[in-house]
Amino acid sequence: SMRAAALTPEKPKAEHAVTTPVGPETPCLAGADGPTPYLLYALPSDPNGKTLDVGGVLEASRIFAPRAALLDAQGRTTRELGRDQFLYRGDVYSARFTPRAGEAYLLVTAAPDLTGKPYQSIAISTATTSVYTGYGVATWTSGVDAGQLRTFSYDGTVRVSVFDSAARSSRR
């Protein structure tokens, strides 16, 4: 019996974030790659107009290595969010998705293919811009400072953010 954390705020709001620490006390799920910590979330009761971000928060020396799947009410996987959907958004390495009909839960587990890897070995949110100036071409890289070394980890923090376009438009 897996308990699901709610993602529905008490009052509708434009952005609602749920942050959950992952550590030794987090329950584990037996997987093909061995046991992995997991978090289960109940998708918003009214999914209309909602977009969700799910991922690992960047901490001083680590990032939870996220893997995410959507489940139906019976707990069957309807789809997995691919590694190519994860980007560096602010301080969260996350994937963005819109709930589909029949999806009831969001399952977050640790990704064995990521754990132990330094995050800048994965190209996330750095853009190199070249500009022609009168003195030649100036190039700079914006985004994450590549000098910061963080490692993807089984422990860390998961954040799920729910963006509600209906709440945004009705706000004065």
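Structural data are supplied above this passage.
A brief structural summary. Everything numeric here is computed off the predicted structure, so don't read it as measured data.

About the thresholds
- The residue numbering used here restarts from 1 in each chain and proceeds along that chain's sequence as written.
- Side-chain atom pairs in this predicted model are given and counted only at pLDDT of 80 or more, local residue features only at pLDDT of at least 70, and totals for whole chains, interfaces and linings cover all residues.
- In computing side-chain values, all of the structure's heavy atoms are included and hydrogens and water are not.
- A run of H or I in DSSP counts as a helix once it spans at least four residues, and a run of E counts as a strand once it spans at least two, with each numbered from the N terminus.
- Summary of the burial criterion: residues with accessible area below 20% of their type's maximum are buried, those above 50% are exposed, and those between are partly exposed, where the area comes from a 1.4 Å probe applied to protein chains only.
- Any two residues having at least one pair of non-hydrogen atoms within 4.5 Å are treated as being in contact.
- Only the protein chains shown count as cover for residues, and all accessible areas are computed by the Shrake-Rupley method using a 1.4 Å probe.
- Among buried residues, those of type Ala, Val, Leu, Ile, Met, Phe, Trp, Tyr and Cys that are joined through side-chain atoms within 4.5 Å constitute a nonpolar core.
- Salt bridges are defined as contacts in which a side-chain nitrogen from Lys or Arg sits within 4 Å of a carboxyl oxygen from Asp or Glu.
- A 1.4 Å probe that fits into a set of points on a 1 Å grid over the protein atoms alone but cannot get out defines a cavity; an open set with protein on both sides within 12 Å along at least five of seven lines defines a pocket, and lining residues are those with an atom within 4 Å of a point.
- Grid points are joined across faces, edges and corners, and a volume is the space filled by probe spheres set on the points.
- Ten residue types, Ala, Val, Leu, Ile, Met, Phe, Trp, Tyr, Cys and Pro, are classed as nonpolar, four, Asp, Glu, Lys and Arg, as charged, and the remainder, Gly among them, as polar.
- Polar contacts, as used here, are pairs of N or O atoms within 3.5 Å; protein pairs need one atom able to donate a hydrogen and one able to accept it. Residues neighboring in sequence count only if both atoms are side-chain atoms.
- A strand pair is defined by DSSP finding two or more bridges across the two strands.
- To get an axis, a line is fitted to the C-alpha atoms, and for a helix only the part in contact is used. The angle between two axes follows their N-to-C directions and goes from 0 to 180 degrees.

**Details of the overall build of the protein chain**
Now for step 1: Helix and strand counts for the protein chain come out as one helix and 15 strands.
Now for step 2: Going through the 172 residues of the protein chain one by one, you find that 38% of them count as buried.
Now for step 3: In the protein chain, the share of contacts with a sequence separation of at least 24, taken over all contacts with a separation of at least 6, comes to 74%.
Now for step 4: Carbon and sulfur atoms make up 52% of the accessible area of the protein chain, which totals about 9700 Å².

**Structural notes on the nonpolar core**
Now for step 1: Tyr41 and Leu106 are the most contacted members of the largest nonpolar core, which has 29 residues in total.
Now for step 2: The set of elements that each furnish at least two residues to this core consists of strand 2 (15-22), strand 4 (34-42), strand 5 (50-57), strand 6 (62-64), strand 7 (66-71), strand 10 (92-97), strand 11 (105-110) and strand 15 (156-164).
Now for step 3: Discounting residues that sit within four places of it in the chain, Tyr41 has contacts with Ala4, Ala5, Leu7, Val18, Thr20, Ala104, Tyr105, Leu106, Val108, Val158 and Val160.

**Topic: the pattern of salt bridges**
Now for step 1: Summed over all chains, the structure comprises seven salt bridges.
Now for step 2: Of the charged contacts, one joins Arg62 and Glu59 as a salt bridge, the two residues approaching to 3.3 Å between their closest N and O atoms.
Now for step 3: Between Glu103 and Arg79 there is a salt bridge, with the nearest N and O atoms lying 2.7 Å from each other. Of this pair, Glu103 sits in the loop between strand 10 and strand 11 while Arg79 sits in strand 8 (residues 77-81), and the two are 24 residues apart along the sequence. By the burial criterion, Glu103 is buried, and Arg79 matches it.

**Topic: the layout of surface pockets**
Now for step 1: As a volume, the largest pocket reaches approximately 250 Å³.
Now for step 2: Lining the largest pocket are 17 residues; nearest its centre among them are Leu29, Gly31, Thr36, Arg67 and Thr109.
Now for step 3: Within the residue set of the lining of the largest pocket, elements represented by two or more residues are strand 3 (28-31), strand 4, strand 7, strand 8 and strand 11.
Now for step 4: Of the residues forming the lining of the largest pocket, the biggest block, four residues, is contributed by strand 7.
Now for step 5: Partitioning the lining of the largest pocket into residue classes produces nine nonpolar, five polar and three charged.
Now for step 6: What the second largest pocket holds in volume is close to 180 Å³.
Now for step 7: What lines the second largest pocket is Arg3, Ala5, Thr20, Pro21, Glu25, Thr26, Pro27, Tyr38, Leu39, Leu40 and Tyr41.

**Some thoughts on the side chain of Thr36**
Now for step 1: Looking at where Thr36 falls in the secondary structure, it is placed in strand 4.
Now for step 2: Note on Thr36: relative accessible area 9%, which makes it buried.
Now for step 3: Within polar-contact distance, the side chain of Thr36 engages the backbone nitrogen of Ala110 at 2.9 Å.
Now for step 4: The contacts of Thr36, once residues within four sequence positions are left out, are Pro27, Cys28, Leu29, Thr109 and Ala110.

**With respect to the pairing of strand 8**
Now for step 1: Relative to strand 8, strand 7 is paired through four bridges, and the arrangement is antiparallel. Along strand 8, the bridge assignment pairs Leu70 with Arg79.
Now for step 2: Counting the residues between successive antiparallel strands, the hairpin from strand 7 to strand 8 contains five residues, one of them, Gly75, with a positive phi of roughly 85 degrees.

**Remarks on the sheet that holds strand 15**
Now for step 1: Read across the open sheet, the five strands follow the order 2-15-5-10-9; overall the sheet is antiparallel. Two strands bound the open sheet, and with one partner strand each, they are strand 2 and strand 9 (86-89). Taking each pair of neighbouring strands and ignoring which way they run, the sheet shows an average axis angle of 30 degrees.
Now for step 2: Sheet topology note: the strand 9/strand 10 ladder contains four bridges and is antiparallel. Bridge pairing in strand 10 places Leu87 opposite Ser94.

Any link to function would need more than the numbers given here.
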